[in-house]
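# Analysis of the macromolecular model
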Amino acid sequence: MTVLVAGASRGIGHEFARQYRADGQRVVATARDEAGLARLRELGCEALPLDVTDPVSVAGLGWRFDGERFDVAILNAGVYGPRTDGLQPPSPDEFDAVMRTNVLGPMHLLAALQDSLAPGARVVVLSSVMGSIGQRAGAAGWLYRASKAAANSVLKDASSVLGPRGVSCIAVHPGWVQTDMGGPGAALPPERSVADLRRLIAGLKPEDNGRFYSHDGAAIPW
């Protein structure tokens, strides 16, 4: 099995790369800087430089993906942005940084990947329950929430295009995870979150295409 992990220099993405490699899978993983690429090579991954906010960087993956057939593609790159607790407006630069990473990044990657997916492939966009409009109960981090709701829309559209080709596309909430974003007080270690998500991915059926799931397999309303 060949697995792509986009955004794997640390945290959840790095843990995906580590676990799949530990199981003997071929892993192609991306990072923005040389330090991240070096950590991926230490795991035995094929490490590729990628900045998801740069269309030229994403386009540069085209020739590298030529002839590839990914069985699993995990689009993990993401940022939180300003930690607001009400309706404090983000600056234009903050808005651009979050939206370019969390929304434009998946849009470009999905377009670049669409011809490099194996029959029956699984495509996973790392989202968040904070992006669920139907389950929303607060406004903290409203820029992040808006970006993940938009990323969910991107995933849903991709599922309508790729689903008829036999590809299952889902958005997932990894839980509150002990990463740089989640903080040390979060509920889940990355090892547990990723193990749960890998079980979810392995068990996907065609009817799961276009759905939104928590790491534990519970469906989340859009």
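Residues numbered from 1 in each chain as written. Predicted model: local features only at pLDDT ≥ 70, side-chain atom pairs only at ≥ 80, totals over all residues. Heavy atoms only, no water.

### As for the nonpolar core
Ranked by size, the top nonpolar core spans 32 residues in total, and within it L109 and L117 carry the most contacts. Looking at this core, the elements with two or more residues in it are strand 1 (2-6), helix 4 (61-65), strand 4 (70-75), helix 5 (92-113), strand 5 (117-126), helix 6 (142-162) and strand 6 (168-173). Excluding its chain neighbours within four sequence positions, the residues that come into contact with L117 are R69, F70, A73, V123, L162 and V167. One finds V5, V124, V172 and Y213 within the second-largest nonpolar core, a separate group that totals 27 residues. (Core = buried A, V, L, I, M, F, W, Y, C linked by side-chain atoms within 4.5 Å. Buried < 20%, exposed > 50% of the residue type's maximum accessible area, 1.4 Å probe, protein only. Helix = DSSP H or I, 4+ residues; strand = E, 2+ residues; numbered from the N terminus. Contact = heavy atoms within 4.5 Å.)

### Examining the packing of helix 1 (residues 11-22) against helix 7 (residues 190-202)
At a minimum axis separation of 9 Å, helix 1 and helix 7 run at an interaxial angle of 65°. The two elements helix 1 and helix 7 cross, and the hand of that crossing is right-handed. Across the interface between the two elements, I12, E15, F16, R18, Q19 and Y20 of helix 1 pack against P190, E191, V194, A195, L197, R198 and I201 of helix 7. Its residues assigned to classes, the contact of helix 1 with helix 7 shows eight nonpolar, one polar and four charged. (Axes fitted to C-alpha atoms, helices over the stretch in contact; angles between N-to-C directions. Left-handed = near helix turned anticlockwise from the far one by under 90°. Nonpolar A, V, L, I, M, F, W, Y, C, P; charged D, E, K, R; others polar.)

### Quick notes on helix 7
Compared with an ideal rise of 1.5 Å per residue, which puts 13 residues at 18 Å, helix 7 spans 18 Å between its outermost C-alpha atoms and is within 8% of the ideal. Every buried residue belonging to helix 7 is among P190, S193, V194, D196, L197, R198, L200 and I201, and all of these are buried. On the buried face of helix 7, the contacting elements are helix 1, strand 4, strand 5, strand 6 and strand 7 (211-214). (Expected span 1.5 Å × (residues − 1).)

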